[in-house]
Amino acid sequence: IAVVNLGGRRTNDLVWRDVHVVKSGLRRLVFRCAAPDERKFFVQIDGKERIPVVVPASAEGFVETSLPVSISAGVHNVRLSNAETAMPDIDFMRLVACDE
């Protein structure tokens, strides 16, 4: 089950709260997404810098895309948004070590 019909206004976002990170360092945020055409969303960790992620058209179904992030140990909020236009459908997010 995916989250659909996101984006197009500031408040139509997706937030993962209480993302626990045991050890500080470089990680990858991996997103499983689907979109009928190329779409973009922005990732913010704890309300800081908006990092763009572009998802290619995926007529065949869901695809994975990832974003390298430097993250500190602790509890974080991860927000996906795009106030200007539609976002891809989002199936899941996971945080993994960069060598996975």
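Structure's up top.
Residues numbered from 1 in each chain as written. Predicted model: local features only at pLDDT ≥ 70, side-chain atom pairs only at ≥ 80, totals over all residues. Heavy atoms only, no water.

Caption draft 1: A look at the overall build of the protein chain. Helix and strand counts for the protein chain come out as zero helices and seven strands. Counting helices and strands in the order they occur from the N terminus, the protein chain gives β-β-β-β-β-β-β. The C-alpha atoms of the protein chain give 13 Å as radius of gyration, which agrees with the globular expectation for 100 residues (13 Å, within 12%). Counting the 100 residues in the protein chain, one finds 36% classified as buried. Counted over contacts in the protein chain with a minimum sequence separation of 6, partners at least 24 positions apart contribute 77%. As presented, the protein chain carries roughly 5900 Å² of accessible surface, and 50% of it is formed by carbon and sulfur atoms. Measuring between centres, the 13 positive side-chain charges of the protein chain sit 5 Å from its 13 negative side-chain charges. (Helix = DSSP H or I, 4+ residues; strand = E, 2+ residues; numbered from the N terminus. Rg over C-alpha atoms; globule rule 2.2 N^0.38 Å. Buried < 20%, exposed > 50% of the residue type's maximum accessible area, 1.4 Å probe, protein only. Contact = heavy atoms within 4.5 Å. Areas by Shrake-Rupley, 256 points an atom, 1.4 Å probe, with all protein chains shown as cover. Lys, Arg positive; Asp, Glu negative; His and termini not counted. Charge placed at Lys NZ, Arg CZ, Asp CG, Glu CD.)

Caption draft 2: Fine view of the pairing of strand 2 (residues 25–34). Across nine bridges, the pairing between strand 2 and strand 5 (residues 63–71) is antiparallel. Its bridge partner being in strand 5, Arg28 is matched across the sheet by Pro68. Of the pairings in the sheet, the one linking strand 2 to strand 7 (residues 89–97) comprises eight bridges and is antiparallel in character. Following the sheet pairing, Arg28 is matched in strand 7 by Val96. (Pairing = 2+ DSSP bridges.)

Caption draft 3: Representation of the side chain of Gln44 within the structure. As for its position among the elements, Gln44 is in strand 3 (residues 39–45). Within the local environment of Gln44, its side chain forms a polar contact with the backbone oxygen of Lys48, the two atoms lying 3.0 Å apart. (Polar contact = N/O pair within 3.5 Å; in protein donor to acceptor, adjacent residues only side chain to side chain.)

Caption draft 4: Seen up close, the sheet that holds strand 5. Read across the sheet, three strands follow the order 5-2-7 without closing on themselves; strand pairing throughout is antiparallel. The two strands at the open ends of the sheet, each matched to only one other strand, are strand 5 and strand 7. For this sheet the average axis-to-axis angle between neighbouring strands, irrespective of direction, equals 20°. (Axes fitted to C-alpha atoms, helices over the stretch in contact; angles between N-to-C directions.)

Caption draft 5: Region of interest: the environment of Ala57. Position of Ala57 relative to the elements: it lies in the loop between strand 4 (51–55) and strand 5. Of the residues examined, Ala57 reaches a relative accessible area of 46% and is grouped as partly exposed. Residues Ala57 and Glu38 lie 19 residues apart in sequence; the distance between their C-alpha atoms is 4.6 Å.

Caption draft 6: Expanded view of the nonpolar core. Among the nonpolar cores identified, the biggest contains 20 residues, and Leu29, Phe31, Phe41, Val43, Val78, Leu80 and Ile90 are the most heavily contacted of them. Among the secondary structure elements, those contributing two or more residues to this core are strand 1 (14–21), strand 2, strand 3, strand 4, strand 5, strand 6 (74–81) and strand 7. The contact partners of Phe31, leaving out residues within four places of it in the chain, are Trp16, Phe41, Val43, Val63, Glu64, Thr65, Leu80, Phe92 and Met93. (Core = buried A, V, L, I, M, F, W, Y, C linked by side-chain atoms within 4.5 Å.)

Caption draft 7: The pattern of salt bridges, seen in detail. Taken as a whole, this structure holds four salt bridges when the rule is applied. In this structure, Arg79 and Asp13 form a salt bridge, with 2.6 Å as the shortest nitrogen-oxygen distance. Residue Arg79 is located in strand 6, and its partner Asp13 is located in the segment before strand 1; the two are separated by 66 residues in the primary sequence. Salt-bridge contacts for Asp37 lead to Arg39; the nearest nitrogen and oxygen are separated by 2.8 Å. Under the relative-accessibility criterion, Asp37 is labelled partly exposed at 38%. (Salt bridge = Lys/Arg side-chain N within 4 Å of Asp/Glu carboxyl O.)

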